[in-house]
Structure formats: C-alpha cells, structure tokens
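# Report on the structure
Okay, here's what each chain looks like letter by letter:
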Amino acid sequence: MFKLELQRLKRQRGRAVPFDQTEPASLVSRSQVGSLSFTQALHIWGQALYQEQLIYLDIHLSTKIELSCSRCLAPVRVPILLEQQLVLREEPAAEAEGLPIEEFFYSHHAKELELMPYLYSLILNSLEPKYLCKPDCRGLCPHCGRDLNLGACHCPSERWGDPRLAVLKKLLS
C-alpha cells in the first residue's frame, strides 16, 4: 500500500522528498482500514520532509468512491480531490507519562510509515453528511419501501403522513 521509507527521509533531513503512488481500486477497497468502496484508483502525490523528529507531509489525493443516496439508497459515485498538510510526531518515550497518544504519531523504531490510515481518515473527514443521487430524489415509501423515483407506490393515501401523529388524527376526527 502507501508507505514512506522513514530511513530515507531521515537520511535526507531537511530536504523535501517527493512521492507519487497509485493503487488500484480493488486493492484499496480490500485493505483492512475501512469500509469505503473505491471505484477508481487511489492516487497520492506530494512531498515529505523530516526535521527535528517531525515529518511534514504535503499530500494530494485523487479517487472516486461509491456511497448510497441518503433518500433512496441508490449508488452515488463521489469524486474525491484533496490537498492536505499533516505533521506527524515521533511517539513519546514510554516514560513520558501524561502525554496523550494521538493518531498522528509514528514509532521511533519504524522503518516505514503506512499512510493508508491517515488517507482514510482524510477522506472520511472530507465527506458531506448526506449525498443524493439527484437533487429531486423522492426517496423510498416509508410503508412498502418502493423507490418513489420509479413511480408512485400503491399504498393507501391515508397511510401517508407521520405515523407519530396518528393519535392526534384520531382526536380530530
């Protein structure tokens, strides 16, 4: 997957080291990092710089993922194009108590840095709360589950409405 050679970065201390990697969608989707469905290869490029036990990453990322429409559950392909700067700190020594261990730490003894967990986190944080297959998506019938974009369902019209207000409807009748 997406790995940076820490030894190489440390040897070139203070100099930007460019990287450019692409992984096929099938390999990225099968990674154990998360449950996103990638429909296009994941391409990352940028540069890394090591200085004073910090790794500065300037990352550019491009891919497409498939999500479900928030109303009708139809597949929605979402293009992802991100630019992000990250600073990774060397994890504190074991005797440094009281320091919070955050997700952007790397091990002092590591030879490689696996970027996929960071990339996955960046992608998730860039997503909108809801995606629609089209702006006027009608969703699903709350009673029979029919996709209302394909046409009206055959549920009786009195079943429509908020079921939580049924008691009030009886009181008004």
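Structure: above.
These numbers were taken from a predicted model, which means no experiment stands behind them.

## Re the side chain of H60
You can see H60 is positioned in strand 5 (residues 54-68). Overall, the relative accessible area of 16% leaves H60 in the buried class. Residue contacts for H60: discarding those within four places in its chain leaves H43, I44, W45, G46, L82 and E83.

## A look at the pairing of strand 4 (residues 42-51)
Where strand 2 (residues 17-23) and strand 4 come together, seven bridges link them in antiparallel fashion. Bridge assignment links Q21 to a residue of strand 4, and that residue is I44. Pairing analysis gives nine bridges linking strand 4 to strand 5, with the strands arranged antiparallel. Within strand 5, the residue paired with L49 across the bridge is Y56. Connecting strand 4 to the antiparallel partner strand 5 that follows it, the hairpin turn spans two residues, and E52 within it adopts a positive phi of roughly 55 degrees.

## Some words on the pattern of salt bridges
Inspection of every chain in the model, using the stated rule, returns two salt bridges. Between R77 and E66 there is a salt bridge, and its shortest N-O distance comes to 3.6 Å. Here E66 lies in strand 5 and R77 lies in strand 6 (residues 75-90), a separation of eleven residues in the sequence. Its relative accessible area of 30% is what places E66 among the partly exposed residues.

## Let's talk about the nonpolar core
Counting residues in hydrophobic clusters, the biggest one holds 39 residues, and the most contacted among them are F38, L42, L57, I65, L115, L119 and I123. Breaking this core down by element, the ones donating at least two residues are helix 1 (6-11), strand 2, helix 2 (25-30), strand 4, strand 5, strand 6 and helix 3 (116-126). Aside from chain neighbours lying at most four places away, what touches I123 is L36, F38, L42, L61, I65, I80 and L82.

## Let's talk about the state of the cysteines
Counted by the stated rule, this structure contains zero disulfides. C69 carries a free sulfur, and the closest cysteine sulfur to it, the one in C72, is 3.7 Å from it. Judged by its relative accessible area of 1%, C69 falls in the buried class. Its sulfur unpaired, C141 is 3.6 Å from the next cysteine sulfur, which belongs to C153.

About the thresholds
- Residues numbered from 1 in each chain as written.
- Predicted model: local features only at pLDDT ≥ 70, side-chain atom pairs only at ≥ 80, totals over all residues.
- Heavy atoms only, no water.
- Helix = DSSP H or I, 4+ residues; strand = E, 2+ residues; numbered from the N terminus.
- Buried < 20%, exposed > 50% of the residue type's maximum accessible area, 1.4 Å probe, protein only.
- Contact = heavy atoms within 4.5 Å.
- Pairing = 2+ DSSP bridges.
- Salt bridge = Lys/Arg side-chain N within 4 Å of Asp/Glu carboxyl O.
- Core = buried A, V, L, I, M, F, W, Y, C linked by side-chain atoms within 4.5 Å.
- Disulfide = S-S within 2.5 Å.

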